[in-house]
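Results of the structural survey
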Amino acid sequence: SRSSAASDVYKRQILYQDILNAQPNHQMAAINLVILLKKSQSCKNIQTQMQHAIDVSRGKRKAKAHSLFSSCLNENQQYKLALHHLDKSLEFRPNHATTWHKRALIQQSAQHPYAQVLQSYRQALAMDNKNQRLRLDLAQFQQDHLDFDGSIKTLKEKYKSLKNSA
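Not measured: the values here are computed from a predicted model. (Residues numbered from 1 in each chain as written. Predicted model: local features only at pLDDT ≥ 70, side-chain atom pairs only at ≥ 80, totals over all residues. Heavy atoms only, no water.)

**What to know about unusual backbone geometry**
Located in the positive-phi region is Gln 77, a residue other than glycine, with phi close to 60 degrees. Taking the relative accessible area as the measure of exposure, Gln 77 reaches 60% and is therefore exposed. The phi dihedral of Gln 111 is positive, around 60 degrees, even though this residue is not glycine. As for its placement among the helices and strands, Gln 111 is situated in the loop between α6 (97-109) and α7 (114-127). (Buried < 20%, exposed > 50% of the residue type's maximum accessible area, 1.4 Å probe, protein only. Helix = DSSP H or I, 4+ residues; strand = E, 2+ residues; numbered from the N terminus.)

**Here's the deal with the environment of Gln 41**
Turning to its location among the elements, Gln 41 is positioned in the loop between α2 (27-40) and α3 (47-56). Looking at Gln 41, the relative accessible area reads 33%, which means it is partly exposed. As a C-alpha pair, Gln 41 and Leu 155 span 114 residues in sequence and 38 Å in three-dimensional space.

**Quick word on the nonpolar core**
Judged by nonpolar contacts, the single largest core of 23 residues is most densely connected at Ile 31, Ile 46, Met 50 and Ala 53. Among the elements of the structure, α2, α3, α4 (59-75) and α5 (79-92) are those that each provide at least two residues to this core. Once residues lying within four places of it in the same chain are set aside, the contact partners of Ile 46 are Val 34, Leu 37, Lys 38, Gln 41 and Cys 72. Membership of the second largest hydrophobic core comes to 11 residues, among which are Leu 90, Val 117, Tyr 121 and Leu 134. (Core = buried A, V, L, I, M, F, W, Y, C linked by side-chain atoms within 4.5 Å. Contact = heavy atoms within 4.5 Å.)

**Here we look at the packing of aromatic side chains**
Per the counting criterion, the structure on display carries two aromatic pairs. Between the aromatic rings of Tyr 114 and Phe 141, the centroid separation amounts to 5.1 Å while the plane-to-plane angle is 10 degrees, which identifies the pairing as stacked. Residue Tyr 114 is located in helix α7, and its partner Phe 141 is located in helix α8 (residues 132-144); the two are separated by 27 residues in the primary sequence. Take Tyr 114: its relative accessible area is 24%, and that puts it in the partly exposed class. Exposure remark for Phe 141: the relative accessible area of 3% places this residue in the buried category. Between Tyr 121 and Phe 141 the ring centres are 5.6 Å apart and the planes differ by 40 degrees, which places this aromatic pair in the tilted class. Taken as a pair, Tyr 121 in helix α7 and Phe 141 in helix α8 lie far apart in primary sequence, 20 residues in all. (Phe/Tyr/Trp six-rings, centres within 6.5 Å; stacked < 30°, edge-to-face > 60°.)

Geometric values such as these leave the question of function open.
Laid out in structure tokens, this is it:
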């Protein structure tokens, strides 16, 4: 039931908080707590926990923490800061296609120039050529900006990559 699931989330939050009270620098507890808090409440109320997860994390986990924080900032329409955290995430995971895709989407929301957004999409596609959702998002973005030839080319590449994987 719904209340049982909410109760489970709350219990897990308490357990992660207990771990952090005992070991304040525990990376996984900090990140998992922020993930649960992000799902269960407003991003506005968890910025302190987000920053703590970033501060105690290293490597790929730090990248994940930065990416989570950028999602919250994006929800709050703080695009410049969201992009800053995504760029920090990419320092630790430069070949992470999902982060590049997220960057393109936030750049669109922030109304960045077409060429900048296009470059982020191309970075994402270079790392995940078979991602159909990504390719369709790019083709739609191109079409929305009246780049019909680019949109057609992107869609044709989609079918070429599908044939090659069959």
